[in-house]
Amino acid sequence: MQTSAAASTPQTFAGGFALLRPRSYFGRVMELQESIAIHVNGGLARVPVGVTIAEMLGELGIDPKKVAVERNLAIVPRSSFGEVRVEEGDQYEVVHFVGGG
Amino acid sequence: MNVPGTIQADSWTVAGRTFTSRLIVGTGKYKSLEENAAAVEASGAEIVTVAVRRVNISDPNQPMLTDFIDPKKVTYLPNTAGCFAAEDAIRTLRLAREAGGWNLVKLEVLGEAKTLYPDMRETLRATETLVKEGFEPMVYCVDDPIAAKQLEEAGAVAIMPLGAPIGSGLGIQNRVTIRLIVEGAGVPVLVDAGVGTASDAAEAMELGCDGVLMNTAIAEAKEPVLMARAMKAAVEAGRLAYLAGRMQKRRYADPSSPLAGLI
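Residues numbered from 1 in each chain as written. Chains lettered and ligands numbered in written order. Predicted model: local features only at pLDDT ≥ 70, side-chain atom pairs only at ≥ 80, totals over all residues. Heavy atoms only, no water.

Points about the pattern of salt bridges
Next, step 1: Overall, the coordinates contain 21 salt bridges over all chains when judged by the stated rule.
Next, step 2: As a salt-bridge pair, Arg54(B) and Glu93(A) come within 2.7 Å of each other at their nearest N and O atoms. Placement of Arg54(B) in strand β4 (residues 47-54) and of Glu93(A) in strand β5 (residues 91-99) is noted, with the two residues assigned to different chains.
Next, step 3: The class of Glu93(A) is buried, set by a relative accessible area of 15%. (Salt bridge = Lys/Arg side-chain N within 4 Å of Asp/Glu carboxyl O. Helix = DSSP H or I, 4+ residues; strand = E, 2+ residues; numbered from the N terminus. Buried < 20%, exposed > 50% of the residue type's maximum accessible area, 1.4 Å probe, protein only.)

The structure is reproduced here in structure tokens:
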């Protein structure tokens, strides 16, 4: 069980950046709910039990129309972002197009 | 006398999509997204290659390529640059298809970091899998006519042999094999990689290639936008020269002015 004190401290990725910002939607929810550990783009993160992929992306400030999501090595169709629930230990890759040759 | 002074509607078609520009440009290595967009504009390219990379979670609001180069106006060709195994390339392109929503992709599977030379065994394997999954892969490959044929048989929609190693700017190293690939191919052939300056691009087109793909030659020019214009002109000039059919080479001189009537 995540305590409210811990919830106010952003969880950091291995790279040192925070997935969950203070006073975030997740932060508030986490005071009340149990959280689960997941991996996003190689970093560790905690999210409340029961969030969907769409809610996870929203919290990250990512436009779901511009990215593709892989969950445990399988593509998640964009049309199902709002339905697929994030589960303990999930491994996510969230990618987009960048300059390249 | 019928003089075909202009070439009408010279276009090429890959996987059912028709383009008038025969120059494909990469979008890597530019100083800024603004410069990148200006270079694409100047090149006249209708297709740009793009890479698939992780979103920067710590700063998701960084400017994005799509804000500067509109995917509705320019065809994004997702590539697998940086993949050294068939599985990595396939995984990357599955994500690209989901991000972009189309099947036309550029496959490259590299063999080693030093030369970035293609690993043809992995490339062929990846091509077969991608085709089964409904992709239309344009495939980066060695300048080997047999390998090119095998890729085509596996379902590659375009054959893209290297002129020289990626980013080297050395120009076309093997004119003979590029020409052989062009002669043997039933799908478009584009020189991909190795172009350094405008004459290299013109040379590829004079050999009969359907197009040229380049990135570093433009991005690392002192004036990328100017070089993009030069490449546009070179590709067009080379194409026209190929269509016109060059004169035969002679070992010795042949006067241009009539010998009759000399005073």
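Quick word on the environment of Gly194(B)
Residue and element names in this part refer to chain B.
Next, step 1: You can see Gly194 is positioned in the loop between β9 (190-192) and α7 (198-206).
Next, step 2: For the pair Gly194 and Phe19, spaced 175 residues apart in sequence, the C-alpha separation works out to 23 Å.
Next, step 3: Setting aside its immediate chain neighbours within four residues, Gly194 contacts Ala164, Pro165, Ser168, Gly169, Leu170, Gly171 and Asp200. (Contact = heavy atoms within 4.5 Å.)

Topic: the environment of Glu55(A)
All names here are of chain A.
Next, step 1: Secondary-structure assignment places Glu55 in helix α3 (residues 53-60).
Next, step 2: By relative accessible area, which is 34% here, Glu55 ends up partly exposed.
Next, step 3: On a C-alpha basis, the gap between Glu55 and Asn41 in space is 17 Å, while along the polypeptide they are 14 residues apart.

Brief notes about the confidence of the model for chain B
Next, step 1: Summarising the model, chain B shows a mean pLDDT of 94, and 97% of its residues fall at 70 or more.
Next, step 2: This complex was scored by the predictor with a pTM of 0.85 and an ipTM of 0.86. (pLDDT = per-residue confidence, 0-100.)

Let's talk about the nonpolar core
Next, step 1: Ranked by size, the top nonpolar core spans 67 residues in total, and within it Ile159(B), Met214(B), Ile218(B) and Met231(B) carry the most contacts.
Next, step 2: With seven residues, the single largest contributor to this core is helix α3 (residues 86-100) of chain B.
Next, step 3: When near neighbours in sequence (up to four residues on either side) are disregarded, Met231(B) contacts Leu23(B), Val195(B), Gly196(B), Thr197(B), Ala198(B), Ala201(B), Met214(B), Ala217(B) and Ile218(B).
Next, step 4: Core analysis: the second largest hydrophobic core is formed by 21 residues, Val51(A), Ile62(A), Val86(A) and Val94(A) among them. (Core = buried A, V, L, I, M, F, W, Y, C linked by side-chain atoms within 4.5 Å.)

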